[in-house]
Amino acid sequence: ISAFALAALAAGALAGPARAEEEPLPVSVTGPDSVNLSLHPEPGEPGEPGEPQIELGLRAPGEPVPDENGVTYPIHQGEYTVTVDASSLAGVAAVNFSRLGGWQGCSVEGLVATCRGYEIYAGRDYNDLGGIRLDVTDESAAGEVGSIEVTAAGEGLAFTGHTVDVLVGGPELQNKQLAEPEGFKAGDTFQAPL
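This text gives an overview of the structure that appears in the document. All values derive from a computational prediction rather than experimental measurement. (Residues numbered from 1 in each chain as written. Predicted model: local features only at pLDDT ≥ 70, side-chain atom pairs only at ≥ 80, totals over all residues. Heavy atoms only, no water.)

### Side note on the sheet that holds strand S5 (residues 94-96)
Judged by pairing direction, the sheet is mixed, and its 5 strands sit side by side in the order S5-S8-S3-S1-S10 without closing on themselves. Because the sheet does not close on itself, it has two edges, and the strands there are S5 and strand S10 (157-160). The average angle at which neighbouring strand axes cross in this sheet is 20°, direction not considered. Pairing geometry for strand S1 (residues 25-30) and strand S3 (residues 54-59), over 3 bridges, is antiparallel. Bridging from a neighbouring strand, Ser 28 pairs with Arg 59 of S3. (Pairing = 2+ DSSP bridges. Helix = DSSP H or I, 4+ residues; strand = E, 2+ residues; numbered from the N terminus. Axes fitted to C-alpha atoms, helices over the stretch in contact; angles between N-to-C directions.)

### Description of the pattern of salt bridges
Overall, the coordinates contain 4 salt bridges when judged by the stated rule. The residue Asp 135 makes a salt bridge to Arg 133 at a minimum N-O spacing of 2.7 Å. The class for Asp 135 is partly exposed, based on a relative accessible area of 27%. Note that Lys 185 is salt-bridged to Asp 188, the shortest N-O span being 3.7 Å. (Salt bridge = Lys/Arg side-chain N within 4 Å of Asp/Glu carboxyl O. Buried < 20%, exposed > 50% of the residue type's maximum accessible area, 1.4 Å probe, protein only.)

### Things to note about the sheet that holds strand S6 (residues 106-109)
Overall, mixed pairing links the 6 strands, which are arranged S2-S11-S9-S4-S7-S6 in an open sheet. Each of the sheet's edge strands pairs with one partner strand only, and the pair in question is strand S2 (34-37) and S6. Sheet twist, expressed as the mean angle between neighbouring strand axes with direction ignored, is 20°. Bridging between strand S9 (residues 145-154) and strand S11 (residues 162-168) involves 6 bridges; their strand directions are antiparallel. What sits directly across from Gly 146, in S11, is Val 166.

### Observations regarding the state of the cysteines
Taken as a whole and judged by the stated rule, the model has 1 disulfide. Put simply, Cys 106 and Cys 115 are joined by a disulfide, and their sulfur atoms are 1.9 Å apart. Looking down the S-S bond of the Cys 106 and Cys 115 bridge, the torsion is 100°, so its handedness is right-handed. Taking the relative accessible area as the measure of exposure, Cys 115 reaches 3% and is therefore buried. (Disulfide = S-S within 2.5 Å.)

### Brief notes about a nonpolar patch on the surface
Taken together, the side chains of Leu 178, Phe 184 and Phe 190 make up a nonpolar region of the molecular surface, amounting to roughly 260 Å² of accessible area. Here Leu 178 lies in the segment after S11. (Patch = residues over 30% accessible without salt bridge, like charges linked within 9 Å, V, L, I, M, F, W, Y side chains within 5 Å. Areas by Shrake-Rupley, 256 points an atom, 1.4 Å probe, with all protein chains shown as cover.)

### Looking at the packing of aromatic side chains
To describe a pair of aromatic rings, you give the distance between the ring centres and the angle between the ring planes. If you walk through the whole model with that rule in mind, you get 3 aromatic pairs. With a centroid separation of 6.0 Å and 45° between ring planes, the pair formed by Tyr 80 and Phe 159 is classed as tilted. Of this pair, Tyr 80 sits in strand S4 (residues 76-85) while Phe 159 sits in strand S10; the two residues are 79 residues apart in sequence, bridging distant segments of the chain. Summarising the burial analysis for this pair, Tyr 80 and Phe 159 share the class buried. (Phe/Tyr/Trp six-rings, centres within 6.5 Å; stacked < 30°, edge-to-face > 60°.)

Rendered as structure tokens:
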């Protein structure tokens, strides 16, 4: 009976890790929660033309640990697809996907981009998806809203998607030098615009 119990325990111990490996790897899409588009972008300021305001990535469990040779290996290998759907921004803002999926490129149809990947590393540092640039257009109006929905799927992976809310012409902090009115002298006061 003792030998049988030991054999059963050993079989259970060997079967335990095998079941754990079958569980899908949880991976979340990362990026900003919201973006505010200025109706009057300042040249030279962050978000100048061409620079993406939205950087997307993937986060997997753990942190990347290089081996004794300094090489970091992926924790998952297998095809997966990331879909970036900005269709709710039609007429709200111009969407530029050219910096998205720089490692392999993405196919774009209208305001939807589909990117394919193969490797996922622990943590966030090695899992960049790239950036998206948004710009106001002649049709954009203050108060208009939309969103970018990012979803992903792949065998052996359990993805958590992400939504980026977009607002046109929301509150902004603008640092500008106040100009004194002409003829302003000691003892004078003037109402500075807020």
